[in-house]
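Residue-level listing of the chains:
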Amino acid sequence: MVFIAIGPLTAAQIMLMLDRFAGAYFFDTQAGGSAVLWMHFFWIFGHPEVYILVLPAFAFANEIIPVFSRKAIFGYPAMVAATIGIGFISLSVWAHHMFTVGLGAWANTFFHPRHNVIAVPTRIKIFNWLATLWGGKIHFTVPMMFSVGFLFQFLIAGLTGIMLSVAPFDWQLTGYYFVVAHFHYVLVGAILFMIFAAFYYWYPKMTGRILSEKPGKWHFWLFLIGFHLTFDFMHIPGILGMRRRIYTYEADRGWMIWNLIVSSGAIFQAIGVLIFVYNLVWSYFKGLIAGADPWDAWTLEWSTSSPPRAYNFATIPSVGSRRPLWDLKHPEDPDSNYEM
Amino acid sequence: MGGTAILPHNPSDTWKLPSRGIVGMACLIIAEAAIFIIFVVAYVFYLGKSPTGPAPRDVLELPIFTTICLLSSSFTVMGAVSALKKNERNLCSLLLASTVLLGAIFIGAPRTSGINRSIAMA
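Residues numbered from 1 in each chain as written. Chains lettered and ligands numbered in written order. Predicted model: local features only at pLDDT ≥ 70, side-chain atom pairs only at ≥ 80, totals over all residues.

### A word on the overall build of chain B
What counts here: Helix numbers and strand numbers start at the N terminus; a helix is a DSSP run of H or I with at least 4 residues, a strand a run of E with at least 2. A pair of residues counts as a contact when their C-beta atoms, built from backbone coordinates, are within 7 Å of each other.
The helix and strand inventory of chain B stands at five helices and zero strands. Scanning chain B from its N terminus toward the C terminus, one meets helices and strands in the order α-α-α-α-α. Counted over contacts in chain B with a minimum sequence separation of 6, partners at least 24 positions apart contribute 66%.

In structure tokens form, the structure reads like this:
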């Protein structure tokens, strides 16, 4: 995806450079160029880029949610197929960012359902994560708390994404704060939450010490409250007509109270992040010793010391299933008996 | 290795990584194709759009000789690799030198427009 998506941006930037410095006019509308062409090239990169960012977050969830549900991941083949499907579909839906530039009814009619199709593999993933939780013995450790937050917020982000993929609705809200709230729901509510989850999950493996749980929970709750104060309420001024990229507005617009709530949420988030940074430093020196496998996990990295030696494994290990460490811990009932 | 012991390695069921060379070359081709497709799209988009010119045929010419040099250099460099595998070092050196010469002709040949080079490379 990176190779396919970055190329168009590179080519477009070369043409832009020629416009700026060599007297070309690819995108200069005053000289016969087309700004819409630039928009196409940018969004051919821009939309897959969102999925390039979120697919690693999905991978973190695939690792963390099963371990703290004490269950193997539900529907692994469907998860893989959904990931590949999202990758391919995301390369062909860029123009839903351009409904209002005048592509015409036929183009809008084509790209509207194209974008909705991507909701299918995405919902398969949500369903499988929920099914993994279902009936599991859930341990609400800090990485799991962030993962549950991710699940809820990614669902909301997807739903507002579907709203924006409907051309008439998009016409009303393109360029407004509703869109800003939507993509921050993806970037912060989904991706950043899973990055935090991954930090708490793999920090012991990286450093040999566990991130302290008490400040971790403070971090989670403050960031969760701050996130929802900021980005839930950011949708409202967007619906009320507040455009993006404005720094001030007249007092009688009715946006003041909503923006006050949005700003107060940012303070909660900032305090949460400060606690996280403090926790990173404090735990590095004084955190609990992690040992090789503090989470009773199932993948190979947890069979090595924390942090791992430079050579990882003295001999190449043999992997008989997707949970090789489970197989080793439970020789009476290994996954390799069930997996192809 | 620290921590828990690992199941013994069984070479008979080893899953092998795909060749780095093949994966790398496939990635390079995909990335280059993505870039040049955009250039071609821009070219096609503007084809015939300028009412006053210059039209593409006014500024572009088919660089036949330099294109032959460029494509031939692919064969000479492949021949050099084959020669090296057979330990024919003199032939390898000759073919490598030919590759450099053909590349130098391609880059250095006089041309009316730098666009020609881009078209040939595409």
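### Points about the overall build of chain A
Where we set the bar: Comment: burial labels come from other C-beta atoms within 10 Å of the residue's own C-beta, placed from the backbone, where a count of 20 or more is buried, 12 or fewer is exposed, and between is partly exposed.
The helix and strand inventory of chain A stands at 11 helices and zero strands. When its helices and strands are written in sequence order, chain A yields α-α-α-α-α-α-α-α-α-α-α. Buried residues in chain A amount to 38% of all 340 residues. The long-range fraction of contacts in chain A, counting pairs at least 24 apart against all pairs at least 6 apart in sequence, stands at 75%.

### Some details on the interface of chain B and chain A
Short version of the rule: When residue character is reported, Ala, Val, Leu, Ile, Met, Phe, Trp, Tyr, Cys and Pro are called nonpolar, Asp, Glu, Lys and Arg charged, and the others, Gly included, polar.
Across the boundary between the two partners, chain B contributes 20 residues, which contact 27 residues of chain A. Tallied by class, residues from the side of chain B that touches chain A come to 13 nonpolar, six polar and one charged.

### Brief notes about the packing of helix α5 (residues 119-133) of chain A against helix α6 (residues 142-165) of chain A
Residue and element names in this part refer to chain A. Applicable threshold: Every angle, taken between N-to-C directions, lies between 0 and 180 degrees, and every axis is a line fitted to C-alpha atoms, over only the stretch in contact when it is a helix. These descriptions rest on fixed angle ranges, namely under 35 degrees for roughly parallel, over 145 for roughly antiparallel, 65 to 115 for roughly perpendicular, and the rest for oblique. Each crossing is labelled by how the near helix is turned from the far one, with a counterclockwise turn of less than a right angle marking it left-handed and a clockwise turn marking it right-handed.
Running from N to C, α5 and α6 point in directions that differ by 160 degrees, and their axes come no closer than 11 Å. With respect to their mutual orientation, α5 and α6 come out roughly antiparallel. The element α5 and its partner α6 pack so that their crossing is left-handed. Across from Ala-119, Thr-122, Ile-126 and Trp-129 in α5, the residues of α6 making contact are Leu-151, Leu-155, Gly-158 and Ile-162.

### A few points about unusual backbone geometry
Cis geometry is found at the peptide bond from Ser306(A) to Pro307(A), where omega equals -10 degrees. Unusually for a residue other than glycine, Arg245(A) sits at a positive phi of about 60 degrees. Its 6 C-beta neighbours within 10 Å are what place Arg245(A) among the exposed residues. Phi is positive for Asn87(B), close to 65 degrees, though the residue is something other than glycine. Inspection of the secondary structure puts Asn87(B) in the loop between α3 (64-85) and α4 (89-108). For Asn87(B), a count of 8 C-beta atoms within 10 Å gives the class exposed.

### Here's the deal with the nonpolar core
The line we're drawing: By convention the nonpolar core is taken to be a set of buried residues drawn from Ala, Val, Leu, Ile, Met, Phe, Trp, Tyr and Cys and joined through C-beta atoms within 7 Å.
Formed by 76 residues in total, the largest nonpolar core has its most connected members in Ala61(A), Ile64(A), Phe146(A), Ala190(A), Met194(A), Ala197(A) and Tyr200(A). If you list the elements that add at least two residues to this core, you get α1 (2-21), α2 (35-69), α3 (76-90), α6, α8 (177-207) and α9 (213-239) of chain A together with α1 (20-46) of chain B. For this core, the element with the most residues is α8(A), which contributes 17 residues.

### Observations regarding the packing of α2(A) against α5(A)
Residues and elements named next belong to chain A. Packing of α2 against α5 leaves a shortest axis separation of 9 Å and a crossing angle of 20 degrees. Here α2 lies roughly parallel to α5, going by the angle between them. In this structure, α2 crosses over α5, and the sense of that crossing is left-handed. Across the interface between the two elements, Phe-58, Ala-61, Ile-65, Pro-66 and Ser-69 from α2 touch Lys-125, Trp-129, Thr-132 and Leu-133 from α5.

### Structural notes on the confidence of the model for chain B
Residues shown with low pLDDT carry predicted positions that ought not to be read at fine detail. Residues and elements named next belong to chain B. For the record, the criterion: Scored between 0 and 100, pLDDT is the confidence that the predictor attaches to each residue.
For chain B, mean pLDDT is 81; residues scoring 70 or higher make up 76% of the total. In the predicted structure, residues 1-5 sits below a pLDDT of 50 and forms 17 contacts with residues beyond four places in sequence or in another chain. Here the prediction assigns the complex a pTM of 0.84, and the interface score ipTM is 0.79.

### Description of the environment of Ile124(A)
Residues and elements named next belong to chain A. Relative to the helices and strands, Ile-124 resides in helix α5. Of the residues examined, Ile-124 has 18 C-beta atoms within 10 Å and is grouped as partly exposed. Sequence spacing of Ile-124 and Trp-43 is 81 residues, and the spatial spacing of their C-alpha atoms is 25 Å. In contact with Ile-124, other than residues within four places in its own chain, are Ala-78 and Ala-82.

### Let's talk about the environment of Ala12(A)
Position of Ala12(A) among the secondary structure elements: in helix α1. Taking the C-alpha atoms as reference, Ala12(A) lies 9.4 Å from Phe27(A); in sequence the two are 15 residues apart. Not counting chain neighbours up to four residues away, the residues in contact with Ala12(A) comprise Trp38(A), Phe41(A), Phe42(A) and Ile38(B).

### Some remarks on the environment of Ala55(B)
Residues and elements named next belong to chain B. With respect to the helices and strands, Ala-55 occurs in the loop between α1 and α2 (56-59). Taking the C-beta count within 10 Å as the criterion, Ala-55 has 11 such neighbours and is therefore assigned exposed. Sequence separation between Ala-55 and Phe-45 is 10 residues; the distance between their C-alpha atoms is 13 Å.

### Quick word on α1(B)
Worth spelling out the cut-off: In this analysis, the expected span of each helix is defined as 1.5 Å times one less than the number of residues it contains.
For α1(B), with 27 residues, the first-to-last C-alpha span of 39 Å sits near the 39 Å given by 1.5 Å per residue. Every buried residue of α1(B) is listed here: Ala34(B), Ile35(B), Ile38(B) and Ala42(B). For α1(B), the elements touching its buried residues are α1 and α2 of chain A. Just downstream of α1(B), Gly48(B) is the residue with a positive phi angle, here 80 degrees.

### Here's the deal with α3(B)
Spacing of three or four residues puts side chains on the same side of an α-helix, whose turn is 3.6 residues. Residue and element names in this part refer to chain B. Taking 1.5 Å of rise per residue, 22 residues should cover 32 Å, and α3 covers 32 Å from first to last C-alpha, within 8% of that figure. Thr-66, Ser-73 and Ala-80 are the residues of α3 that are buried. Once α3 finishes, Asn-87 follows within two positions and takes phi at roughly 65 degrees, a positive value.

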